[in-house]
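Okay, here's what each chain looks like letter by letter:
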Amino acid sequence: QGGRRPLVAGNWKMNGTRSSIAVVEQIRENLSPDLAARIDVLICPPSTLIGSCVAATYGSSIAIGGQNLHARTSGAFTGSISAEMLADLGAKYVIVGHSERRAYHHETDDGVHAKALGARRAGLCGIICVGETIEEREQGRALDIVRAQLAIGLPKGATAADTVIAYEPVWAIGSGRTPTPRDIAEVHASLREMLDKLAGDEARKIRILYGGSVKPSNAREILSLDNVDGALVGGASLVAEDFLGICAAY
Ligand code: PEP
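As annotated in an unreviewed UniProt entry, the protein chain is Triosephosphate isomerase from Methylobacterium persicinum. Per UniProt, the comment on the protein chain under Subcellular location (unreviewed entry) is "Cytoplasm". Per UniProt, the protein chain carries the Sequence similarities (unreviewed entry) text "Belongs to the triosephosphate isomerase family."

A separate point is the packing of helix H1 (residues 21-30) against helix H11 (residues 240-247). Contact pair H1 / H11: the axes reach a minimum separation of 9 Å and the direction vectors enclose 40°. Classed by the angle they form, the pair H1 and H11 counts as oblique. By crossing handedness, the relation of H1 to H11 is classed as right-handed. When H1 is examined against H11, the residues Val-23, Gln-26, Ile-27 and Asn-30 are found in contact with a partner set consisting of Ala-240, Phe-243 and Leu-244. In the contact of H1 with H11, the residues fall into 5 nonpolar, 2 polar and no charged.

Take the sheet that holds strand E2 (residues 40-44) next. Here we have 8 strands rolled up into a closed barrel, ordered E1-E2-E3-E4-E5-E6-E7-E8, and parallel in their pairing. Taking each pair of neighbouring strands and ignoring which way they run, the sheet shows an average axis angle of 25°. Relative to strand E7 (residues 207-211), strand E6 (residues 163-167) runs parallel, the two sharing 4 bridges. Opposite Val-164, over in E7, you have Arg-207 as the bridge partner.

So, on to unusual backbone geometry. Residues other than glycine seldom take positive phi values, yet Ser-213 does so here, at roughly 60°. Structurally, Ser-213 is set in the loop between E7 and helix H10 (216-223). The backbone of Asn-227 sits at a positive phi, close to 70°, despite the residue not being glycine. One can find Asn-227 in the loop between H10 and strand E8 (230-233).

The rules we used
- Residues numbered from 1 in each chain as written.
- Predicted model: local features only at pLDDT ≥ 70, side-chain atom pairs only at ≥ 80, totals over all residues.
- UniProt positions renumbered as here; feature names shortened; annotations may be inferred.
- Axes fitted to C-alpha atoms, helices over the stretch in contact; angles between N-to-C directions.
- Helix = DSSP H or I, 4+ residues; strand = E, 2+ residues; numbered from the N terminus.
- Parallel < 35°, antiparallel > 145°, perpendicular 65-115°, else oblique.
- Left-handed = near helix turned anticlockwise from the far one by under 90°.
- Contact = placed C-beta atoms within 7 Å.
- Nonpolar A, V, L, I, M, F, W, Y, C, P; charged D, E, K, R; others polar.
- Pairing = 2+ DSSP bridges.

Printed below as a string of structure tokens:
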């Protein structure tokens, strides 16, 4: 759509030990060359597995990414990982402002902005997540919420090389519930219009993913919607067959 190359990204969250590298190997072995030529495929394992997953996908088109980063390069931030450290391991992307980070680690839109700048500084592509809660949707505020999150979170001068947006309604994540296709298309159109205002000419190249209970059975319908340039997949990315089933929607 609009010349944008689709991206199917998996977010393993806090799941996976060394035995899970087999999942990445299965994805690598079973991703058809034809599909690999048409779409970008990304897996974001826990940071403990990034190095081994990079090794397991070496020489393939599958990219590996982080799930979070600290905005600073280095310093006294015990337990944190910088964009430079992720890049050093071979990561190409990093998820920024996932709703679980916002909910459990009090991440703010300003913090998301700083982290997105950190990702860019290290040459990573930041996947900036936005999404409304169920209360916000029921109050008719979904569009206002996601537009505000984007307006604050998106750094000036964002390009398609350093930025992807992911619309992830909080209530759809891990719940098995998804918005109607009409609602998804409405939010994506609104985000694209906002991107046009914020990122000028570059905006039409920036991809907007949908995330929230995407699975093989609903992928085709969701991924064919206008302005949906791919998916951010949680639960279904833990099983190679399911993740590949979603990729196969393209
Ligand atoms: C996510 O965590 O980004 C996500 C979309 O999760 P799930 O696919 O499990 O709803």
